[in-house]
Amino acid sequence: LVGYKFIETALEGDNPQPVVLKDWTAEERQARAKPDFIYSVSHELKTPLTSIRAHAETLLMGRAGSAETTADYLKTIVSESERLTRLVDSVLEFSRIEQGRKTYHLQATRLDDVVRSAAKTMEYPLAQLGFTLTIASDGTAPILLADPGALTQAILNLLGNAMKYSGEARHIELRTGTRDGEAFVDVVDHGIGITPDDQSRIFGRFLRVQSKETA
């Protein structure tokens, strides 16, 4: 159903003036989706905070047991803190992009280096959840004019989604190279996927596909 909002109407004598109409359907959808976006962000922030607190309290009470377990707990705290930082950075970046204040620093960037850097960042979180990550390059090693930080963040976001929606599968693939004259990065998981009906909507603002995993 397409809706319209009256912006201006005017009648002067026997000469009706054009009615200016505005399609508010897209705006209405975005407005309705914002609360879901806020809930999603809040939920994502709560998860690492809960983990940090639980591990810190265990250490504080002296219940870690061995030095090895203590070291594992500390690694988890550091890893979850880094995850929390990435989430906050993502929200701030999104805000800057929405406001048109995002500045990109373009430079010659080796795509393979960015992919390996992102994989290294996610190494411990992946291992914690039992994931294996395979990196495959077609050997072309493309060099891009890009912002390496923004590109790394995009890959980290995709890896995070792959981990979250992998279901019982525990293998993720990173593929990089050149295809049809363009550089590419594929993040491939073997999880729940996205229904054909939702695939055409995935780039909508604030969109969150409904499923038991996103409930």
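This one's a predicted model, so the numbers in the text were calculated from it and none came from an experiment.

Cut-off values and rules
- Residues numbered from 1 in each chain as written.
- Predicted model: local features only at pLDDT ≥ 70, side-chain atom pairs only at ≥ 80, totals over all residues.
- Heavy atoms only, no water.
- Helix = DSSP H or I, 4+ residues; strand = E, 2+ residues; numbered from the N terminus.
- Buried < 20%, exposed > 50% of the residue type's maximum accessible area, 1.4 Å probe, protein only.
- Contact = heavy atoms within 4.5 Å.
- Areas by Shrake-Rupley, 256 points an atom, 1.4 Å probe, with all protein chains shown as cover.
- Salt bridge = Lys/Arg side-chain N within 4 Å of Asp/Glu carboxyl O.
- Expected span 1.5 Å × (residues − 1).
- Patch = residues over 30% accessible without salt bridge, like charges linked within 9 Å, V, L, I, M, F, W, Y side chains within 5 Å.
- Core = buried A, V, L, I, M, F, W, Y, C linked by side-chain atoms within 4.5 Å.
- Phe/Tyr/Trp six-rings, centres within 6.5 Å; stacked < 30°, edge-to-face > 60°.
- Lys NZ or Arg CZ within 6 Å of the ring centre and 35° of its normal.
- Polar contact = N/O pair within 3.5 Å; in protein donor to acceptor, adjacent residues only side chain to side chain.

K.L.:
Lay out the overall build of the protein with the relevant residues and their values.
P.N.:
The helix and strand tally for the protein stands at six helices and nine strands. The buried share among the 215 residues of the protein stands at 24%. Of the contacts made within the protein by residues no fewer than 6 positions apart, 65% connect residues no fewer than 24 positions apart. Total accessible area on the protein stands at roughly 14,500 Å², and carbon and sulfur atoms take up 55% of it.

K.L.:
Would you mind going over the pattern of salt bridges in detail, with residue names and values included?
P.N.:
Following the criterion strictly, the structure yields six salt bridges and no others. Between Arg175 and Glu173 there is a salt bridge, with the nearest N and O atoms lying 2.7 Å from each other. Take Glu173: its relative accessible area is 15%, and that puts it in the buried class. With a closest N to O distance of 2.8 Å, Asp186 and Arg179 form a salt bridge. Note on Arg179: relative accessible area 40%, which makes it partly exposed.

K.L.:
Requested: an account of helix H2 (residues 67-98), with residues and values cited.
P.N.:
Its 32 residues give H2 an end-to-end C-alpha distance of 47 Å, which sits within 8% of 46 Å, the value for a rise of 1.5 Å per residue. Here H2 has its buried residues at Thr76, Ile77, Ser79, Glu80, Leu84, Arg86 and Glu93. Gly100 sits one or two positions beyond H2 and adopts a positive phi of about 70 degrees.

K.L.:
Let's hear about a nonpolar patch on the surface: which residues, and what values?
P.N.:
A grouping of Ile97, Tyr104, Leu106 and Leu145 is seen on the molecular surface, where their side chains present a nonpolar patch of about 450 Å² in accessible area. Relative to the elements of secondary structure, Leu106 occurs in the loop between H2 and strand S5 (107-110).

K.L.:
Tell me about the nonpolar core, and name the residues and values.
P.N.:
Of all hydrophobic cores here, the largest spans 15 residues; its most connected members are Met122, Leu126, Ile155, Leu159, Met163, Ile172 and Leu174. Of all the secondary structure elements, the ones that give two or more residues to this core are helix H3 (111-121), helix H5 (148-164) and strand S8 (171-179). Setting aside anything within four residues of it in sequence, one finds Ile172 in contact with Leu126, Phe131, Thr132, Leu133, Thr134, Leu159, Ala162, Met163, Ser166, Val187, Val188 and Asp189.

K.L.:
A description of the packing of aromatic side chains should follow, citing residues and the corresponding values.
P.N.:
If you walk through the whole model with that rule in mind, you get zero aromatic pairs. Looking at Arg179, its charged tip hangs above the ring of Phe184, at a distance of 3.8 Å from the centre.

K.L.:
Just give me the short version of the environment of Arg116, but keep the residues and values in it.
P.N.:
Relative to the elements of secondary structure, Arg116 occurs in helix H3. Considered as a pair, Arg116 and Ile135 are 19 residues apart in the sequence and their alpha carbons are 8.0 Å apart.

K.L.:
Give me the lowdown on H5, citing residues and values where you can.
P.N.:
The α-helix winds at 3.6 residues per turn, so residues separated by three or four positions along the chain end up facing the same way. Compared with the 24 Å implied by 1.5 Å per residue over 17 residues, the 24 Å span of H5 between its first and last C-alpha is a close match. Along H5, the residues that are buried comprise Thr152, Gln153, Ile155, Leu156, Leu159, Ala162 and Met163. Against H2, H3, helix H4 (123-128), strand S6 (132-137), S8 and strand S9 (182-188) lie the buried residues of H5. With a side-chain oxygen positioned 3.0 Å from the backbone nitrogen of Gly149, the residue opening H5 is Asp147.

Nothing here speaks to function; it is all geometry.
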